[in-house]
Structures are given as structure tokens and as C-alpha cells.
Amino acid sequence: MPAYHHGNLRTALLDAAERSLRQHGAEQLSLRELAREAGVSHAAPRRHFPDRQALLDALAEAGFARLDTELRAALDAAGEEFAPRMHTVAAAYLRFATEDAALLALMFAGKHRDGAERLVEAAAAPFGLLDGLIRQGQAEGVLEPGDSQRTGIVMFATLQGIAALVNGNLVAPELLDGIVATAVDQFIRGSRRR
């Protein structure tokens, strides 16, 4: 096992925790086991994470930051027109939600806990991006004007439902691209100004 110097121990622990989360779920995550994997004393992780919940919160916070980065990259690559941007962001979100299902579950579970203000703040960036995209569609007359958050919840619920079907092995992952395209097209048609 490689020994990590103090400067990158936090990063090494988070990387190991994310691998463990993918393989075994949040219930099996142990600071002691992560310390062993990182080649440090069992007390060393406590300098960065006072307890297991602090580690889980840090993982969730890093997950929201990565989701935000991936959604922004998708938007940047999609150009300026609303429909292609919506398709690209939906596909990027579903890629994250199906490739990192355990992390996504941890992210959402953690932000609703008392004292999780940092997670709520971290979640604001990617969800603010989605809200901005809905507002763009409304401003361009592609979507019905109104409460952008309510409209966004409908799109988000659709994406979460698709992710649940794929993650639950009810829909084959190779069908994901076509399903996303259909879902976004139907969302835009159903939300179009009449």
C-alpha cells in the first residue's frame, strides 16, 4: 500500500471512499478501512473527517461539484439553442446518474439532513444550471412561461425515473440515448407555448 503524505491524504481518502461506495454502498464505508487502504494509521483520517458522516458529506459535496462540472461542460459543447442544450444536459445528467448511482443516492440523501447546509449550497450550482436552462426555454418561447422550478421538477422527475429504470436493470443501458432523446422531445412538445 502506498503511503500518502499529509498534503494529499484527504484526496486519497475521498477517492478510496468513492471506490468503496461504488462497490459496497454507503453502509459499508469505514474510516478505519479507508485508512488501511491509504496506508496510514487508523486515526489519520480523523484530521480531515471527524466522523463517518463528515466523510459521507464530503463525498456528496464532491459529487455535486463533479455533477456541476459535467453539466456545464455539456452546456458549453451544445451551442446556444435551447433544444440541443436540453438534450445534451439531460444526457449528461443521466450518464452521471447511471454511472455513479450510489454516489447520486448519497448526494440526495445527505442534503435533506439537519445541518447539511454545505450540501444544500453545493447542490444549488447544478440545479441552478438546470433552472437557468428552463428559463432560457421560457424566454425563447419554446416552453410555456410560468414557474421555472415547477417546470424543471417535471423534467428532473422524468430523468430520475429513467435513471431508476436503468439502475434497476429494467431498461438496458444501451437504450438510454434513445430514451433520453424521446423524453426531452416529449417534454419540449408538452411544455410548448400554445
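In what follows, the accompanying structure is described. Here the structure is a predicted model, which means the values were calculated and not measured.

Focus on the overall build of the protein chain
Next, step 1: Assigned secondary structure in the protein chain consists of eight helices and zero strands.
Next, step 2: Each helix (α) and strand (β) of the protein chain, taken in turn from the N terminus, gives the series α-α-α-α-α-α-α-α.
Next, step 3: On the principal axes, the C-alpha backbone points of the protein chain span a range of 65 × 35 × 30 Å.
Next, step 4: A burial count over the protein chain gives 41% of its 194 residues as buried.

Some points on the side chain of Arg85
Next, step 1: Within the secondary structure layout, Arg85 lies in helix α4 (residues 82–99).
Next, step 2: Glu80 provides the closest opposite charge to the buried, unpaired Arg85, separated from it by 4.5 Å.
Next, step 3: At 2.7 Å, the side chain of Arg85 and the side chain of Gln136 are in polar contact.
Next, step 4: Setting aside residues no more than four positions away along its own chain, Arg85 makes contact with Leu75, Ala78, Gly79, Glu80, Leu133 and Gln136.

A few points about helix α1 (residues 9–24)
Next, step 1: With 16 residues, α1 extends 22 Å from end C-alpha to end C-alpha; this agrees with the ideal 22 Å at 1.5 Å per step.
Next, step 2: Among all positions in α1, only Leu9, Ala12, Leu13, Leu14, Ala16, Ala17, Glu18, Ser20 and Leu21 are buried.
Next, step 3: On its buried face, α1 sits against α2 (31–38), α3 (52–78) and α5 (101–110).
Next, step 4: Of the residues flanking the end of α1, it is Gly25, one or two places downstream, whose phi is positive at about 85°.

Remarks on the packing of α1 against α2
Next, step 1: Axis separation between α1 and α2 bottoms out at 10 Å; the angle between their running directions is 115°. Considering their axes alone, α1 and α2 lie roughly perpendicular with respect to each other. Regarding α1 and α2, the two cross each other, and that crossing is right-handed. Along its contact with α1, which presents Leu9, Leu13, Ala16, Ala17 and Arg19, the element α2 presents Leu34, Ala35, Glu37 and Ala38.
Next, step 2: Split by residue class, the contact of α1 with α2 holds seven nonpolar, no polar and two charged.

Quick notes on the environment of Leu55
Next, step 1: By secondary structure assignment, the location of Leu55 is in helix α3.
Next, step 2: A residue is classified by how much of its surface remains accessible, and Leu55, at 1% relative accessible area, is buried.
Next, step 3: Sequence-wise, Leu55 and Lys111 are 56 residues apart; in three dimensions their C-alpha atoms are separated by 14 Å.
Next, step 4: Contact partners of Leu55, with chain neighbours within four places excluded, come to Leu14, Ala17, Leu29, Leu31, Leu34 and Phe49.

Regarding the packing of α1 against α3
Next, step 1: Running from amino to carboxyl end, α1 crosses α3 at an angle of 85°, the nearest separation of the two axes being 10 Å. Comparing the axis directions of α1 and α3 gives the class roughly perpendicular. Residues Arg10, Leu14, Ala17, Glu18, Leu21 and Arg22 of α1 form the contact with α3, whose participating residues are Leu55, Ala58, Leu59 and Arg66.
Next, step 2: Residue composition of the contact of α1 with α3, grouped by class: six nonpolar, no polar and four charged.

Side note on the nonpolar core
Next, step 1: Counting residues in each nonpolar core, the largest one holds 60 residues, and the members touching the most others are Leu55, Met86, Tyr93, Leu106 and Met107.
Next, step 2: For this core, the elements supplying multiple residues, two or more each, are α1, α2, α3, α4, α5, α6 (117–139), α7 (148–167) and α8 (176–191).
Next, step 3: A per-element tally of this core places α3 first, with ten residues.

Rules used throughout
- Residues numbered from 1 in each chain as written.
- Predicted model: local features only at pLDDT ≥ 70, side-chain atom pairs only at ≥ 80, totals over all residues.
- Heavy atoms only, no water.
- Helix = DSSP H or I, 4+ residues; strand = E, 2+ residues; numbered from the N terminus.
- Buried < 20%, exposed > 50% of the residue type's maximum accessible area, 1.4 Å probe, protein only.
- Lys, Arg positive; Asp, Glu negative; His and termini not counted.
- Salt bridge = Lys/Arg side-chain N within 4 Å of Asp/Glu carboxyl O.
- Polar contact = N/O pair within 3.5 Å; in protein donor to acceptor, adjacent residues only side chain to side chain.
- Contact = heavy atoms within 4.5 Å.
- Expected span 1.5 Å × (residues − 1).
- Axes fitted to C-alpha atoms, helices over the stretch in contact; angles between N-to-C directions.
- Parallel < 35°, antiparallel > 145°, perpendicular 65-115°, else oblique.
- Left-handed = near helix turned anticlockwise from the far one by under 90°.
- Nonpolar A, V, L, I, M, F, W, Y, C, P; charged D, E, K, R; others polar.
- Core = buried A, V, L, I, M, F, W, Y, C linked by side-chain atoms within 4.5 Å.

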